[in-house]
Amino acid sequence: MPARIHMTMIGAHLKVGKPVVTCELIMTNESFQVYPLIDRKKRGGRLTDKEIKWFIQSFTENKIPDYQMSAMLMAMFIKGMDVAETASLTDAMLESGEQLKFPGKNVIDKHSTGGIGDKASFILAPIASAAGVKVPMIAGRGLGHTGGTVDKIEAVKGFKTSLDLDDFSKMLNKEGLVLIGQTPDIAPADRLIYALRDVTATIDSIPLITASIMSKKLAEGANGIVFDIKMGTGAFMRSTKDARALGKSLIATSKRFKKKAVALITDMNQPLGNEVGHSNEIIESIETLKGNGPKDLTDLSIALAAHMIHIAGVEKTFDKAHKKALEMVSSGKALNEFRKLLRNQGGDERVVDDYSLLPMAKITTEIVAPKSGYIKMFQNEKIGLLLIELGGGRKSKSDIIDHGVGFTFKKKIGDKVKKGEVIFTIQHHPHQKEIVETIRTRFLKEVLTMSASKVKTPKLIIEKLS
Ligand code: URA
């Protein structure tokens, strides 16, 4: 048995020594012991609503140290959480901060579960906004191997990704579109837990993802949510079965809070679009808003925007909403919304017409096919990890992202390639020759699989759940 030290805390910041086993929280009038709760979960037992809420509240108030929270997260990850436990965790994380409410049913957000080259938010949000949907977007930074919307938009000089909730609400009401990162006021428990999960290999868990996404989305005041559940080698969900289970969990939670919800399960076995990085993804997004985007990125962004327009009640049928989304691009209205978004949040809107204003690494190195054949498969997660090696992601929380480095894919799954033909290019700095060679070797050895016979292009939108 470990030694037991009984501590009574009244909201004070506790610097925890070893071992801390019992914490009594005066403010909740509840007294639980940290160690037995972790131990019970580790053995596959259930936690009650009160226990989960106490644990999350205590952690958010800095009364449970990171190492005990990490142990609890790993126990939750390995042993799972049932529907009631997942609901308690979501509620606890939601209630850890402020909750916004917007009147009107046309306040709709979209959330992707994360992938490689996923820049759809920069396209679908202006489309939906131009069509009359109010979009309150609280997005994330990179998580694990996946890129983050907030990191990408910060490639635009001056763009403010943090606003206080008052300004966030005012901007949404006035402008109809606002895009910020996680704030200390909205679901602070998620902010803390997200950072821990990122470094403790506890990301790809359905209950933990459900609570993380839903606590933020419910708090930001959207009345409906369109989920993009990524599935494949670059996603947290590797199979359609797991993606479906996550989609069902997100939709069930949305329903419990009387929010409209649609979930698309979409392919993440290769990068979405051609660009993977930061500045280059912003350029590809602008090109897509100008009508020149790659087909997969365009089709997915239009489909997701159409679902937002539909559940907002702007159009009565999905087909009409789809047509409207296309019109918002062809008329230039969506591009204008993007310009306005940059301007409203202090960003340099001139980037829309002058890409040289974005930070860009100067050297381009080509990675070519080692033999002729068809592209069969990418280990897509590793593409994200190779970008991190190049400086386009974080290895530790304090790392600063290099927005100028990235990859441009010239070939995708199903494409025929000749020996020596370029598969992708790397944008990098002169001093990065060694890392570029490592990326070349690892890409050819660990990421790329080729086939001598024809390969089918993967289906982009695999399934719809609503
Ligand atoms: N996106 C989130 O916001 N949270 C997760 O846990 C995974 C993806």
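Here the structure is a predicted model, which is why all the values come from computation and not from measurement.

Notes on the confidence of the model for the protein chain
When pLDDT is averaged along the protein chain, the result is 92, and 94% of the positions lie at 70 or above. Predicted confidence is poor over residues 1–28, with pLDDT under 50, and the contacts of this stretch with residues over four places away or in other chains come to 55 contacts.

Comments concerning the pattern of salt bridges
Applying the stated rule across the entire model yields 35 salt bridges. Where arginine 238 meets glutamate 381, a salt bridge forms, and the shortest distance between an N and an O atom there is 2.8 Å. Linking arginine 238 in the loop between strand E7 (224–231) and helix H10 (240–256) with glutamate 381 in helix H15 (residues 380–390), this pair joins segments that are 143 residues apart in sequence. Overall, the relative accessible area of 41% leaves arginine 238 in the partly exposed class. One salt-bridge network, in which partners are shared between bridges, spans Arg141, Asp151, Glu154 and Arg394.

Considerations on the sheet that holds strand E13 (residues 416–417)
Spatially, E13-E11-E15 is the arrangement adopted by the three strands of the open sheet, whose pairing is antiparallel. Two strands in the sheet have a free side with no partner beyond their single neighbour: E13 and strand E15 (448–451). Sheet topology places strand E11 (residues 373–378) next to E13; two bridges connect them, and they run antiparallel. Looking at the pairing, glycine 373 lines up with valine 417 of E13. Helix H16 (residues 433–447) rests against E11 and E15 of the sheet, and its axis sits at about 55° to E15.

Some remarks on empty space enclosed by the protein
Summed over the entire model, instances satisfying the criterion amount to two cavities of 30 Å³ or more. Within this model, the largest cavity holds a volume of roughly 390 Å³. Lining the largest cavity are 28 residues, and of these His111, Ser112, Thr113, Gly114 and Tyr194 sit closest to its centre. When residues of the lining of the largest cavity are traced back to their parent elements, those giving at least two are strand E4 (108–112), strand E5 (135–139), helix H6 (149–153), helix H8 (188–199) and helix H9 (206–219). In terms of residues, the lining of the largest cavity owes the most to one element, H9, which gives five residues. Partitioning the lining of the largest cavity into residue classes produces nine nonpolar, 12 polar and seven charged. Roughly 40 Å³ of internal volume is contained in the second largest cavity.

So, the layout of surface pockets
Counted as a void, the largest pocket has a volume near 830 Å³. Every residue lining the largest pocket is counted, 43 residues in all, and those nearest its centre are Arg141, Gly142, Tyr194, Asp198 and Arg394. When residues of the lining of the largest pocket are traced back to their parent elements, those giving at least two are H6, H8, strand E9 (275–277) and H15. For the lining of the largest pocket, the element with the most residues is H8, which contributes seven residues. Residues that form the lining of the largest pocket fall into these classes: 15 nonpolar, 18 polar and 10 charged. Inspection of the lining of the largest pocket shows a minimum of three residues originating in each of domain 2 (103–355) and domain 3 (359–451). Within this model, the second largest pocket holds a volume of roughly 270 Å³. Residue contributions to the lining of the second largest pocket peak at three residues, all from helix H12 (residues 295–311). The class makeup of the residues in the lining of the second largest pocket is six nonpolar, three polar and seven charged. Structurally, the lining of the second largest pocket is a two-domain feature, drawing no fewer than three residues from each of domain 2 (103–355) and domain 3 (359–451).

Looking at helix H11 (residues 279–289)
Three- or four-residue spacings in an α-helix give side chains the same orientation, since the helix completes a turn every 3.6 residues. The buried fraction of H11 amounts to 10 of the 11 residues, a majority that puts the element mostly inside the structure. Listed as buried for H11 are Ser279, Asn280, Glu281, Ile282, Ile283, Glu284, Ser285, Ile286, Thr288 and Leu289. Downstream of H11 by one or two residues, glycine 291 has phi in the positive range, about 90°.

Comments concerning the site of the ligand
Taken together, the residues surrounding the ligand are His111, Thr113, Leu143, Tyr194, Arg197, Ile209, Ser212, Ile213 and Lys216. Here an oxygen atom of the ligand sits 3.3 Å away from a polar atom, N or O, in the side chain of histidine 111. Within the side chain of arginine 197, a nitrogen or oxygen atom sits 2.8 Å from an oxygen atom of the ligand. In isolation the ligand has 230 Å² of accessible area, and contact with the protein removes 96% of it. Its atoms largely coinciding with the cavity grid, the ligand occupies the largest cavity. Counting only elements with at least two residues in the shell around the ligand, the list comes to H8 and H9. Counting residues per element, the shell around the ligand draws most heavily on H9, which supplies four residues. Residues belonging to the shell around the ligand are distributed by class as follows: four nonpolar, three polar and two charged.

Topic: the sheet that holds strand E12 (residues 406–409)
Taken in spatial order, the four strands line up as E9-E12-E14-E10 in an open sheet, and their pairing is antiparallel. The sheet is open, and its two borders are formed by E9 and strand E10 (363–368), each paired with just one other strand. Strand after strand, the sheet turns through a mean of 20° between neighbouring axes, direction not considered. Strands E9, E12 and strand E14 (422–428) of the sheet are contacted by H11, whose axis makes an angle of about 140° with E9.

Conventions adopted
Residues numbered from 1 in each chain as written. Predicted model: local features only at pLDDT ≥ 70, side-chain atom pairs only at ≥ 80, totals over all residues. Heavy atoms only, no water. pLDDT = per-residue confidence, 0-100. Contact = heavy atoms within 4.5 Å. Salt bridge = Lys/Arg side-chain N within 4 Å of Asp/Glu carboxyl O. Helix = DSSP H or I, 4+ residues; strand = E, 2+ residues; numbered from the N terminus. Buried < 20%, exposed > 50% of the residue type's maximum accessible area, 1.4 Å probe, protein only. Pairing = 2+ DSSP bridges. Axes fitted to C-alpha atoms, helices over the stretch in contact; angles between N-to-C directions. 1 Å grid on protein atoms, 1.4 Å probe; cavity = no way out; pocket = protein on both sides within 12 Å on 5 of 7 lines; lining within 4 Å. Points joined across faces, edges and corners; volume = space filled by probe spheres on them. Nonpolar A, V, L, I, M, F, W, Y, C, P; charged D, E, K, R; others polar. Domains from an automatic or database assignment. Near = heavy atom within 4 Å. Polar contact = N/O pair within 3.5 Å; in protein donor to acceptor, adjacent residues only side chain to side chain. Areas by Shrake-Rupley, 256 points an atom, 1.4 Å probe, with all protein chains shown as cover. Sits in = over half its atoms within 2 Å of the grid points.

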